[in-house]
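If you want the building blocks of each chain, they are given just below.
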Amino acid sequence: MTRFSPRFPRHSSQEFSQGTVTAVLGPTNTGKTHLAIERMSAHSSGLIGFPLRLLAREVYDRVVAIKGPKEVALVTGEERIVPPGARWFLSTAESMPLQDGRDFAFVAIDEAQLGAHPERGHVFTDRILNARGRDETMILGSEALAPMVRALVPDAEITTRPRFSTLSYAGIKKLSRLPPRSAIVAFSAEEVYAVAEMLRRFRGGAAVVMGALSPATRNAQVAMYQAGEVDYLVATDAIGMGLNMDVEHVAFASLYKYDGARRRRLTLPEMAQIAGRAGRHQRDGTFGSVAGRADSQFTDEEIERIEQHQFPPLKSLFWRDSAPRFDSLGHLIADLEQAPSSPVLKPAPEAIDLAVLKRLADDPNIGASVRGTAAVRRFWSVCGLPDFQHRGAEHHASFVHQLWQHLGQGKGHLPVDFIARRIADLDQVQGDVEKLGARIAAIRTWSYVAQRRDWVADPAEMAGRARSVEERLSDALHKALAQRFVDRRTAVLLRGLGGDASLLPVTLEEGDAICVDGEPIGKLNGFAFVVDAQARLADRKLLLAAADRHLPGLLAKRARELVADAPESLAILADDKGRPALMWHGQRIGQIVRGTSVAFPRFQPDRALEALPRAEHEALLAHVAAWLEAQLGVPLAPVRALTKAAQDRRCSGPLRALLVQLIDAGGAIPRVAADGLIHALDPAARQILQRLGVRLGSLDVFCAAMIRPECQRVLAIARAVHAAAPMPADPDLQVAALRTVIPASVLPPAGHPAYRLVGDQALRVDMAEKLIRAAHDRRGQAASFAIDPALAVSMGLTPANAERLMRAAGFRRAAAKTSDTAPALWRWRGLGRRKAAQASQPPRRDGHFAALADWKVAIG
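All values reported here derive from a predicted model rather than from experimental measurement.

What counts, and at which threshold
Per chain, the residues get numbers from 1 upward, laid out in the order the sequence is written. The predicted nature of this model means local features are confined to residues of pLDDT at least 70 and side-chain atom pairs, given and counted, to a pLDDT of 80 or more, with totals for whole chains, interfaces and linings taken over all residues. Side-chain descriptors were evaluated using all non-hydrogen atoms of the structure, hydrogens and water having been removed beforehand. Whenever a helix is involved, its axis is fitted only over the stretch in contact; in every case the axis is a line through C-alpha atoms, and angles between N-to-C directions fall within 0 to 180 degrees. Helix numbers and strand numbers start at the N terminus; a helix is a DSSP run of H or I with at least 4 residues, a strand a run of E with at least 2. Throughout, the term roughly parallel applies to angles under 35 degrees, roughly antiparallel to angles over 145, roughly perpendicular to angles from 65 to 115, and oblique to all others. Pairs of residues are marked as contacts when any of their non-hydrogen atoms sit within 4.5 Å. Each residue gets one label: Ala, Val, Leu, Ile, Met, Phe, Trp, Tyr, Cys and Pro are nonpolar, Asp, Glu, Lys and Arg are charged, and the others, such as Gly, are polar. In this scheme Phe, Tyr and Trp rings, the latter by its six-membered ring, pair at centre separations within 6.5 Å, and the angle between planes marks the pair as stacked below 30 degrees, edge-to-face above 60, and tilted otherwise. Partly exposed describes any residue whose relative accessible area lies between the buried limit of under 20% and the exposed limit of over 50%, with all areas from a 1.4 Å probe on protein chains only and scaled to the type maximum. Paired strands, in this sense, are two strands between which DSSP finds at least two bridges. The disulfide definition used here is simple: a pair of cysteine sulfur atoms within 2.5 Å.

(A) Here's a closer look at the packing of helix α5 (residues 189-203) against helix α16 (residues 459-485). In the contact formed by α5 and α16, the axes pass within 8 Å of each other and the chain directions differ by 50°. Considering their axes alone, α5 and α16 lie oblique with respect to each other. Here Tyr 193, Ala 196, Glu 197 and Arg 200 of α5 come into contact with α16, specifically with Leu 481, Gln 483, Arg 484 and Phe 485. Considered class by class, the residues forming the contact of α5 with α16 number four nonpolar, one polar and three charged.

(B) Summary view of the packing of aromatic side chains. Evaluated as defined, the whole model comprises 13 aromatic pairs. An angle of 75° between the planes, with centres 6.1 Å apart, marks the rings of Tyr 169 and Phe 298 as edge-to-face. Of this pair, Tyr 169 sits in strand β9 (residues 167-173) while Phe 298 sits in the loop between β16 (285-290) and α8 (300-308), and the two are 129 residues apart along the sequence. Look at Phe 298 and you get buried, because its relative accessible area is 9%. Taken together through their ring pairs, the aromatic side chains of Tyr 169, Phe 252, Phe 287 and Phe 298 make up a single cluster.

(C) Quick look at the sheet that holds strand β25 (residues 587-593). If you trace the four strands from one edge of the open sheet to the other, you get β23-β24-β25-β26, paired in antiparallel fashion. On the outer flanks of this sheet lie β23 (570-574) and β26 (602-605), each paired with one strand and no other. Recorded for the sheet is a direction-independent mean angle of 40° between the axes of neighbouring strands. Sheet topology note: the β23/strand β24 (residues 580-584) ladder contains five bridges and is antiparallel. For Leu 570, the partnering residue across the bridge sits in β24 and is Trp 584.

(D) The state of the cysteines, seen in detail. Inspection of every chain in the model, using the stated rule, returns zero disulfides. Here Cys 703 stays free of any disulfide, with the sulfur of Cys 711 as its closest cysteine sulfur at 7.5 Å. Residue Cys 711 is classed as buried on the basis of its relative accessible area of 1%.

(E) Focus on the pairing of strand β29 (residues 700-703). On β29, burial covers both faces: Asp 700 and Phe 702 on one face and Val 701 and Cys 703 on the other are all buried. Here strand β27 (residues 668-670) runs beside β29; their pairing, made up of three bridges, is antiparallel. Within the sheet, the bridge partner assigned to Pro 670 lies in β29 and is Asp 700. Across three bridges, strand β28 (residues 694-696) lies against β29 in antiparallel orientation. Pairing of Arg 695 across the sheet is with Phe 702, part of β29. Between the end of β28 and the start of β29, which pair antiparallel, lie three residues.

Have a look at this one:
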């Protein structure tokens, strides 16, 4: 048995005779929609068309509760729930299934006065003229529609219904003085967000309802309002289209809107439609304006008309031929642009579907591909794809053209991977409210496409994917709206505690979020508590008070987790300022700073660690010190050995000076730069160098252990720390591996201590010395000698660069080759008189290291 609400009177079947057309007209809150649901439920089948997807979904849920989910269908552009054998359909006006052979006993069109809407009016006018139920038809709308019904449907019976409650004007109020259970209406997303943000500051937050929201997001926002979590609702004029909520006062933030062509003042019926959302059922409601906006003030006449529900009648509706010819694009466009014959109908302004059709029809390539009735009809259906993203005719036409390239040829289906890739690209729940809203608008396009069984090979699969993405985006958008425009924390912090927030339970949740009684108030960044950036200034003391009481215990637990964690959880990385810092799972806990020498950097903990209890603080520092030594001790062992010798006052001055230069240079220096110091080394100093692994090569002085990859990697960081420089960038992989020969182009601009440039190649200094030593071994006592090129070739050094190295080392060609097979002969010419003279000069007595020249070393 059909259930009826006790708030509305029951109607007997005798009131509505078979085959009748009844226009039920009246202001808002007269129960027109409820009556239509009641009448449809009394028939064996039925269909109701609504102006909004959100409203269709709301009524669908109500009818499902009456008839059961297997008996009820929902059909909108983006959503299609049609169980086999469904008999009662709820739909948007554009998607009413009237052309697929279905026969409904009952048909109704809601908000039929939208026939006067410039963009969508022709759809509602067509439904008034042509949508008929087998047994009963209902046209629902405002009383202003009465003249149009009499003119267009002369056999219709017109009944009017009075409003159940009183609607009165409450004046102009500031946002901060609006009463609870108020809805504030604005006419753009920007205005809605601005008002919601102000309400968050003044009143703790607001729910947001816009036509662009998905049903899931809208339902979640409304549920938040209905449950009393927030006392305010900010909405666009979508609220005026039958969305039922417990609103006691409607405040207009503006009385002007952009209608797609111009910014204009709301018409009186539009004002009344929105204001009438206040005071549902038997409860009286009020309406008014938001103070501070000159464009939100009602005139005395408008106030009186709204209160008395007296509006000027409609004089015309928009019309477009709903059954055009499809034999050619020219005839189709002509029919869509033809003028109506009735004096109360006027041609509809060019809608975006017609604008897209005309743009694409002018393209000769497209025109040639659209031949025949079936192709023209199909092409028109593609042009009818709604512009959910509001990108305009030009951009939308380009997108439609892209679709037609697939739909107009072959099997006429969009490739599965094409749709799947577009849907997958939108499956991103990160971003702010605006980005998520844009993705929902985009996924609505693909939801619409996936519903077309003649466009998609596997509509069920693609529709399911699009629906899943929309649900995830909707959930993310609801959370983003709540986070941005609802300040639950204020109520939670003060609820029942007399303002003592420190008594509330504080927990560390996933993602390092610090929550007070389940509400996030900030997060831990490493061991630092960061108050939520969106928290109001007035709340920061409350949040800090709640956190400070419990933070030591949470931080102690975190410190114990760090000490017990795997060594790989710690790493030296660049912080947000590029400085070498110690990170734990990517979160900074301190900085690596200069120590006693380059080989001994140290850990400087962040101040946040001072909040740790003493035991955990000491354990953490000991753990980090041990980890740092394990990471640096072995790689930097040769550096530390050289540093120790350079600091030993028993070593001679030239030796200490040479070691300091080697450490500063990173392990190798050109010999020519140190010849003066080398010449001053005594035998004991040379023994120390040998013991330290320092080679006095022909061209370079180097410590073999320091130019190994593991030492160079750590030493680069240690040198940056010592110089208070940014964290070094990752070197080229060939450089990092310290390969024997590499292209000179991959070296950093400042060069690399382990390499010597040789033409267009770079040769590791120890390998260069090996080649030179091999040449000296071949030389012996002979005046001229041959050098085996095999060693240089095996290293990867080119013959030209190998010759450059030999020349730099003091070798010269003895004579030209006598034959191609004869080996080249070399002579030893030495490094030149200038270098020899330079090497023979004693160190300058006024130089920086002059005082070190007299120091001696005792070898024990």
